[in-house]
Amino acid sequence: MFFVFGPSGQMYRGGPENLSQISPVRRVQRPQALHTRALDVPGEPVPAFPTPPHPATSDAATAPAVVNLRMQDAVSAYAQTGQGPQVARQPLTKVSDVMTTGALSVQPEARVNDAWQTLAEHKVAQAPVVDTLGRVIGLLLRADMAPLDLLPQPGAVKQAIDLARRPVSEVMVSPVPTVAPDTELRRVAAVLLDTGLPGLPVTDEAGVLSGFISRTDILRAVAADPPLDLWSGPAVSL
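Our subject in this report is the structure included herewith. (Residues numbered from 1 in each chain as written. Predicted model: local features only at pLDDT ≥ 70, side-chain atom pairs only at ≥ 80, totals over all residues. Heavy atoms only, no water.)

Core analysis: the largest hydrophobic core is formed by 26 residues, its most contacted members being Val95, Val179, Val188, Leu200 and Ile213. Of all elements in the fold, only β1 (2-6), α2 (95-98), β5 (136-141), β6 (176-179), α5 (185-195), β7 (199-203), β8 (209-214) and α6 (215-222) reach the threshold of two or more residues within this core. Ignoring any residue separated from it by four or fewer positions in sequence, one finds Leu200 in contact with Phe2, Pro177, Val179, Val188, Val191, Leu192, Phe212 and Ile213. Within the second largest apolar cluster, 13 residues are counted, among which are Trp116, Val168, Val171 and Met172. (Core = buried A, V, L, I, M, F, W, Y, C linked by side-chain atoms within 4.5 Å. Buried < 20%, exposed > 50% of the residue type's maximum accessible area, 1.4 Å probe, protein only. Helix = DSSP H or I, 4+ residues; strand = E, 2+ residues; numbered from the N terminus. Contact = heavy atoms within 4.5 Å.)

Further remarks concern the environment of Arg135. Looking at where Arg135 falls in the secondary structure, it is placed in the loop between β4 (126-130) and β5. Judged by relative accessible area, which is 36%, Arg135 ranks as partly exposed. Separated by 68 residues in the primary sequence, Arg135 and Thr203 place their C-alpha atoms 8.2 Å from one another. The residues touching Arg135, leaving out its near neighbours within four places in the chain, are Val129, Val130, Ala206, Gly207 and Val208.

Omega for the peptide link from Ser174 to Pro175 comes to 0°, which places this bond in the cis form. Here Pro175 lies in the loop between α4 (157-164) and β6. Here Lys123, not a glycine, exhibits a phi torsion of approximately 55°, which is positive. For Lys123, a relative accessible area of 75% corresponds to the exposed category.

Time to look at α5. Restricting attention to buried positions, one finds in α5 the residues Leu185, Arg186, Arg187, Val188, Val191, Leu192 and Thr195. Buried positions along α5 lie against β1, α2, β6, β7, β8 and α6. Gly196 sits one or two residues past α5 and shows a positive phi near 80°.

So, on to the pattern of salt bridges. Applying the stated criterion across every chain, the model contains six salt bridges. Salt-bridge contacts for Glu205 lead to Arg13; the nearest nitrogen and oxygen are separated by 2.9 Å. Taken together, the positions of Glu205 in the loop between β7 and β8 and Arg13 in strand β2 (residues 9-14) put the pair 192 residues apart, joining distant regions of the chain. Taking the relative accessible area as the measure of exposure, Arg13 reaches 44% and is therefore partly exposed. Arg135 is paired through a salt bridge with Asp131; the nearest N and O atoms lie 3.0 Å apart. Residue class for Asp131 comes out buried when judged on its relative accessible area of 17%. (Salt bridge = Lys/Arg side-chain N within 4 Å of Asp/Glu carboxyl O.)

In this section: the pairing of β7. Burial runs high along β7: five of the five residues are buried. Summarising the sheet, β7 and β8 pair through five bridges and their orientation is antiparallel. Bridge pairing in β8 links Pro201 to Phe212. Hairpin connection, β7 to β8: the antiparallel pair is bridged by five residues, and Gly207 has positive phi, about 90°. (Pairing = 2+ DSSP bridges.)

Treat this as a map of the structure, not an account of what it does.
Okay, here's the thing in structure tokens:
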């Protein structure tokens, strides 16, 4: 089950097939919070800091040791023989199987600069925006923000400061689709592809936040054991 919530409350309840009919939820160019340089391209995320190149080294002693995965598997299997029969692990199929509980959230009145710092400290790229009752009203994406330019163009310093002081409510994605914990993962994957969002808040029908499911959560489940199972069982229309 999917929902769409905004500051005015629930706007949609139903399957993913009709989400694209909600115009604010369609794949659109997201607002950029801080664009103070002339070379900024509208709609393109502004990188916070350039990724430093990895220093080259010829010292073989610093090279990571090659791990023999088959040897590790054999040792692990041998160790498990002394633990008796193991309970069969079931495939992951629902949002509740892979979602992040206790997800970080931000308030709509928080300043952009403060919200950026909060996301950076928690090492996450997005956070649901919730009201005082804990109901989701939007989604804040770090790609839609940029830290205060260290060297803004001449005459743009005041503008950069003003932009950094804007409230989150002015740059968040809203309305935003949310998903129920018992929804099938492949339905979520289809919605993420359709909307271009990096993840969805997990809520109940009232919009109260219970977690978050991101593309990273799904990819991690694909590589995990027990495996992610998107296709077993009867066919279900997306």
